[in-house]
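# Structural overview
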Amino acid sequence: MATPKILVLGAGYGGLMTVKGLTKSLGASDAEITLVNQNPYHYFTTELHKPAAGTAHHDHARVNIASVINTNRVNFVEDRVVSINPSEKKVYLENNTFDYDHLVIGLGSAPETFGIKGLLENAFFIRNIDSVRMIREHMEYMFARYKNDPKEEYLTIVVGGAGFTGIEYVGELVDRLPELCREYDLPQEKLRIVNIEAAPTVLPGFDQALVDYAVEYLKGKGVEFYLGVPIEECTKDGVVLKGGEEIKSSTVVWTGGVRGNKIVEESGIETMRGRVKVDENLRAPGHDNIYVLGDSSLVIPKDGERPYPPTAQISTQQGQYLGKHLPQLMRGESVHAFQYAPKGTVASLGNRVAIGVVGSKKLFGGSASFMKKIIDLRWLFLLGGISLVLRKGKL
Ligand code: FAD
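Residues numbered from 1 in each chain as written. Predicted model: local features only at pLDDT ≥ 70, side-chain atom pairs only at ≥ 80, totals over all residues. Heavy atoms only, no water.

## Describing the side chain of T316
Examined against the element boundaries, T316 turns out to sit in helix α8 (residues 312-330). With a relative accessible area of 7%, T316 lands in the buried category. From its side chain, T316 meets the backbone oxygen of A312 in a polar contact 2.7 Å long. Those residues in contact with T316 that sit more than four places away from it in its chain are Y13, M17, W379 and L382. (Helix = DSSP H or I, 4+ residues; strand = E, 2+ residues; numbered from the N terminus. Buried < 20%, exposed > 50% of the residue type's maximum accessible area, 1.4 Å probe, protein only. Polar contact = N/O pair within 3.5 Å; in protein donor to acceptor, adjacent residues only side chain to side chain. Contact = heavy atoms within 4.5 Å.)

Okay, structure coming up:
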């Protein structure tokens, strides 16, 4: 019998954990494993708010894929997936085409704009290394321009969305912008960080005491919140809010939500806002040989109605599950259901302050920030062991 071909798309949290697990759970001749990713590196999405604000270099948020996988066992292909054709069992890349027997899709997400006019054309998005490098450089260029042409919009940063990503980014801006003002000889009192959220609260779903702490802390640092106010339009001059108020800003960063990757939506696999509602073994509906994980997937808790939010934590656990159990699933054996075990959530408010829940314990300030760093180090450890922790880790 021919050796089965396993094709894994995307070297994010889910995809990397899958291939790392498969190299342990499969013998060298049991399957051909191919991993496709559009960059030669994996980026730590959970840390992208730092290079976006300029509080860390973007190289701290990425690692070469070849250095963290066993390239004797995994054929790593640097290429962009263009389309997936489940009926042909083929994946088309920009420069190649691959057949598969078993497909694992971990292509992450795309920004959800909720149809807001002008957002895709005029806003920035915290998505990957290229996009955050652009945000930082654009923001600094605007600060440099102010000296010659003192328009208030050059020093006004609008962050759309006050969920996890938005609040973490605002926290970094609070650390970084005063430094930038000194660097560019700018009056700090002219600086504006405006965080706009359509929901009535920041960090929806978080405990109220943690939310209050975050808002008080950030307000104390000068952040202006507009809560319960949707953005209706984003233009090249700023944003227009419901009710007509315009906030002029030459840097608008949208963090208001994600949807699944379009490639999955266009493959004919059933999706909801681009995400695939997977079965208990992470299979796509109607496709016995296609597995979907991470932000491309949708997992609804057994006793709940709303899906788990898309996080690195669930993506990692899904990758660990498939890395261990895909060989049995490939053989048609029955395998226990994937069970997400949430370990808690911590949101940073800059380098030294955070809020979060770990187990049943609420954490605030410095202790939460320490916990956040431990969580980041854990990912480095899972990915590349102690040597990667020593190379990239920061406390
Ligand atoms: P990703 O990690 O997004 O990886 C997808 C991979 O697919 C990437 O390598 C990408 O380059 C590749 N890819 C995409 N399209 C193609 C293509 N066409 N061809 C080839 N390759 C492609 N979650 C937490 O649990 N905790 C946090 O603290 C946290 N903080 C966050 C902070 C920020 C600023 C952001 C933006 C997100 C945060 N998240 C956090 C969410 C978390 O990062 C995501 O849920 C997680 O990255 C999803 O993992 P994934 O494996 O699905 O995909």
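## Remarks on the sheet that holds strand β11 (residues 124-125)
Read across the sheet, five strands follow the order β11-β18-β12-β13-β14 without closing on themselves; strand pairing throughout is parallel. Here the strands that pair on one side only, and so sit at the sheet edges, are β11 and β14 (224-227). Sheet topology note: the strand β12 (residues 156-160)/strand β13 (residues 192-197) ladder contains five bridges and is parallel. From the neighbouring strand, V159 faces β13, where its bridge partner is N195. (Pairing = 2+ DSSP bridges.)

## A few points about the pattern of salt bridges
Pairing between side chains becomes possible if they bear opposite charge and their charged atoms approach one another. On inspection of all chains with the given rule, the structure shows 21 salt bridges. R80 is paired through a salt bridge with E94; the nearest N and O atoms lie 2.8 Å apart. Of this pair, R80 sits in the loop between β5 (74-78) and β6 (81-85) while E94 sits in the loop between β7 (90-93) and β8 (97-99), and the two are 14 residues apart along the sequence. Residue classification places R80 among the partly exposed positions, given a relative accessible area of 37%. On the basis of relative accessible area, E94 is assigned to the partly exposed category, the value being 49%. Its salt-bridge partner being E168, residue K372 comes within 2.8 Å of it at the nearest N-O pair. With a gap of 204 residues between them, K372 in helix α9 (residues 365-392) and E168 in helix α5 (residues 164-183) connect regions that are remote in the sequence. (Salt bridge = Lys/Arg side-chain N within 4 Å of Asp/Glu carboxyl O.)

## Considerations on the site of the ligand
Around the ligand, a shell composed of 32 residues is seen, among which N37, V81, D295, A312 and K372 lie nearest. S315 is positioned with one of its side-chain polar atoms (N or O) 3.3 Å from an oxygen atom of the ligand. Within the complex, the protein chains bury 91% of what would otherwise be the 1,000 Å² of accessible surface of the ligand. Broken down by secondary-structure element, the contributors of at least two residues to the shell around the ligand are α1 (13-25), α5 and α8. Classifying every residue of the shell around the ligand by side-chain character gives ten nonpolar, 17 polar and five charged. Residue-level mapping places the shell around the ligand at the junction of two domains, with at least three residues from each of domain 1 (5-38 + 79-111 + 258-342) and domain 2 (113-256 + 343-395). (Near = heavy atom within 4 Å. Areas by Shrake-Rupley, 256 points an atom, 1.4 Å probe, with all protein chains shown as cover. Nonpolar A, V, L, I, M, F, W, Y, C, P; charged D, E, K, R; others polar. Domains from an automatic or database assignment.)

## Re the sheet that holds β8
Taken together, three strands build an open sheet; the order of strands is β6-β7-β8 and the sheet is antiparallel. Of all strands in the sheet, those bounded by a partner on one side alone are β6 and β8. The average undirected angle you get between the axes of adjacent strands in this sheet is 15°. Note that β7 and β8 share three bridges and pair antiparallel. Considered in β8, the bridge of Y92 is made with T97. (Axes fitted to C-alpha atoms, helices over the stretch in contact; angles between N-to-C directions.)

## Quick notes on the environment of E47
On the secondary structure map, E47 appears in the loop between β3 (41-43) and α2 (49-53). On the basis of relative accessibility, which here comes to 13%, the residue E47 falls in the buried class. Taking the C-alpha atoms as reference points, E47 and A61, separated by 14 residues in sequence, lie 6.2 Å from one another.

## Quick notes on the packing of aromatic side chains
According to the stated counting rule, one finds six aromatic pairs in the structure shown. Geometrically, the ring pair formed by Y213 and F364 is tilted, given 5.4 Å between the ring centres and 55° between the ring planes. Of this pair, Y213 sits in helix α6 (residues 208-220) while F364 sits in strand β25 (residues 361-364); the two residues are 151 residues apart in sequence, bridging distant segments of the chain. Judged by its relative accessible area of 30%, Y213 is partly exposed. (Phe/Tyr/Trp six-rings, centres within 6.5 Å; stacked < 30°, edge-to-face > 60°.)

## A closer look at the packing of helix α4 (residues 129-148) against α5
Where α4 contacts α5, the axes come no closer than 12 Å and their chain directions differ by 40°. Here α4 is positioned oblique relative to α5, judged by the angle of their axes. The element α4 and its partner α5 pack so that their crossing is right-handed. Of α5, the residues touching α4 (which contributes I135, M139, E140 and F143) are Y169, L173, R176, L177, L180 and C181. Class assignment of the residues belonging to the contact of α4 with α5 gives a composition of eight nonpolar, no polar and two charged. (Parallel < 35°, antiparallel > 145°, perpendicular 65-115°, else oblique. Left-handed = near helix turned anticlockwise from the far one by under 90°.)

## What about the domain arrangement of the protein?
As assigned here, the protein comprises domain 1 (5-38 + 79-111 + 258-342) and domain 2 (113-256 + 343-395). Here the C-alpha centre of domain 2 lies 30 Å away from the C-alpha centre of domain 1. Summed over both sides, the interface of domain 1 with domain 2 buries roughly 1,000 Å², with 60% coming from carbon and sulfur. Among the residues of domain 1 in contact with domain 2, Y13, M17 and P111 are the three that bury the most area, contributing 41% of the side total. In this assembly, domain 1 and domain 2 are joined by zero salt bridges. For the pair domain 1 and domain 2, the number of links is five residue pairs in polar contact (both at pLDDT 80 or more). Within the residue set of the side of domain 1 that touches domain 2, elements represented by two or more residues are α1, β10 (109-111) and α8. Across the side of domain 1 that touches domain 2, the residue classes break down as seven nonpolar, five polar and two charged. (Buried area = accessible area lost by both parts, 1.4 Å probe.)

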